[in-house]
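Chain residues, written in single-letter form:
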Amino acid sequence: MATVNRVLPWRRNAAPPSEEVAPLVEIFQSHHPRSSAALITKAYDRAASAHKGQSRKSGEPYVTHPVAVAKICAELGLDDITIAAALLHDAVEDTGATLFDVEKEFGVEVARIVDGVTKLDRIKFDSKEAQQAATVRKMLVAMAKDLRVLIIKLADRLHNMRTIEFVPSKEKRLKQANESLEIYAPLAGRIGLNKIKDELQDLSFGVINPEARNSIIAKLNEIRENNKNIIDKIGHK
């Protein structure tokens with residue numbers, strides 16, 4: 001019997017990616033040079049359409065957020081399924097798109113990951129829960145049956161912390177920073193994402209105690225400069 005090679009629609013040869021998604025595709029293909037990025041560009045187009053007219057607190061188009069989250073995932077070397085889900089992770093919660101729409105257009109696996117992230121997004125931390133961070137971390141791990149769900153959630157939190165200066169309420173900034181420090185940073189470390197853990201800790205500390213953080217950075221820079229001068233002197237002897 002003859003064998004028919006079936007190629008999924010989004011994995012066929014596609015047109016070059018648009019300017020907005022090209023940097024993301026470049027990162028993805030640096031890790032997967034032989035893989036098609038068609039699913040990623042398709043997911044970007046769907047996300048851009050779903051979030052059309054929405055803006056971030058920074059004033060940027062909302063779609064810049066899922067693109068940033070997807071870039072963090074791409075930098076970790078994750079596959080096109082995960083990156084597509086990252087691009088669509090807010091679509092079901094914040095737009096008229098449904099999980100059925102995502103499954104129909106992108107398949108069961110992408111829809112399952114998006115659904116998992118959506119469920120994690122619905123968890124609200126009050127002050128009592130924040131005091132029981134270890135319990136909350138265990139709950140997040142239990143709810144996220146697929147590790148990719150947790151990674152997208154961590155990437156989402158990281159980008160929100162990178163842009164936290166645009167959150168107008170000091171109370172909300174402090175709440176988000178404390179959650180990141182007590183819950184998300186240790187969770188990132190637990191699954192081996194130490195770079196994300198370190199950045200979450202640094203960004204959170206900068207919100208909670210900016211004066212102390214700036215003092216530490218200044219001291220580290222001073223030590224670094226002193227060490228450089230010592231090395232230069234040794235090199236010239």
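Bear in mind that the values here come from a model prediction, so they are computed numbers and not experimental data.

Considering the nonpolar core
Here's step 1: Counting residues in each nonpolar core, the largest one holds 59 residues, and the members touching the most others are V110 and L140.
Here's step 2: Broken down by element, this core gets its largest block of residues, 8 residues, from helix α10 (residues 147-162).

So, helix α3 (residues 64-75)
Here's step 1: Under the 1.5 Å per step criterion, the end-to-end length of α3 is 16 Å for 12 residues, consistent within 8% with the ideal 16 Å.
Here's step 2: Of all 12 residues that make up α3, 9 are buried, and the element is covered over most of its length.
Here's step 3: Considering only its buried residues, α3 is in contact with α1 (22-31), α2 (38-50), α4 (80-87), α10 and α12 (194-208).

A look at the side chain of H65
Here's step 1: The residue H65 is located in helix α3 in this model.
Here's step 2: Overall, H65 belongs to the buried group, its relative accessible area being 1%.
Here's step 3: One polar contact links H65 to D156, side chain to side chain, over a distance of 2.6 Å.
Here's step 4: If near-sequence neighbours (up to four positions away) are discounted, H65 is found in contact with R56, H89, D90, D156, H159 and N160.

A word on the environment of L158
Here's step 1: By the secondary structure assignment, L158 is in helix α10.
Here's step 2: By relative accessible area, L158 is classed as buried at 2%.
Here's step 3: It is 8.7 Å that separates the C-alpha atoms of L158 and I72, two residues lying 86 residues apart in sequence.
Here's step 4: Setting aside residues no more than four positions away along its own chain, L158 makes contact with I72, I196, E199, L200 and L203.

What to know about the layout of surface pockets
Here's step 1: Taken as a whole, the largest pocket encloses approximately 920 Å³ of empty space.
Here's step 2: Along its surface, the largest pocket is lined by 28 residues, and K57, D156, R157, N160 and Q176 are the ones closest to its centre.
Here's step 3: The greatest single-element share of the lining of the largest pocket, amounting to 5 residues, is contributed by helix α11 (residues 170-190).
Here's step 4: Tallied by class, the residues present in the lining of the largest pocket amount to 7 nonpolar, 6 polar and 15 charged.
Here's step 5: Taken as a whole, the second largest pocket encloses approximately 250 Å³ of empty space.
Here's step 6: Contributing to the lining of the second largest pocket are 14 residues, with I164, R173, L203, G206 and V207 lying nearest its centre.
Here's step 7: Only α10, α11, α12 and α13 (210-235) provide two or more residues apiece to the lining of the second largest pocket.
Here's step 8: If you tally residues by element for the lining of the second largest pocket, the top one is α12, at 5 residues.

Each value, and the rule that gives it
Residues numbered from 1 in each chain as written. Predicted model: local features only at pLDDT ≥ 70, side-chain atom pairs only at ≥ 80, totals over all residues. Heavy atoms only, no water. Core = buried A, V, L, I, M, F, W, Y, C linked by side-chain atoms within 4.5 Å. Buried < 20%, exposed > 50% of the residue type's maximum accessible area, 1.4 Å probe, protein only. Helix = DSSP H or I, 4+ residues; strand = E, 2+ residues; numbered from the N terminus. Expected span 1.5 Å × (residues − 1). Contact = heavy atoms within 4.5 Å. Polar contact = N/O pair within 3.5 Å; in protein donor to acceptor, adjacent residues only side chain to side chain. 1 Å grid on protein atoms, 1.4 Å probe; cavity = no way out; pocket = protein on both sides within 12 Å on 5 of 7 lines; lining within 4 Å. Points joined across faces, edges and corners; volume = space filled by probe spheres on them. Nonpolar A, V, L, I, M, F, W, Y, C, P; charged D, E, K, R; others polar.

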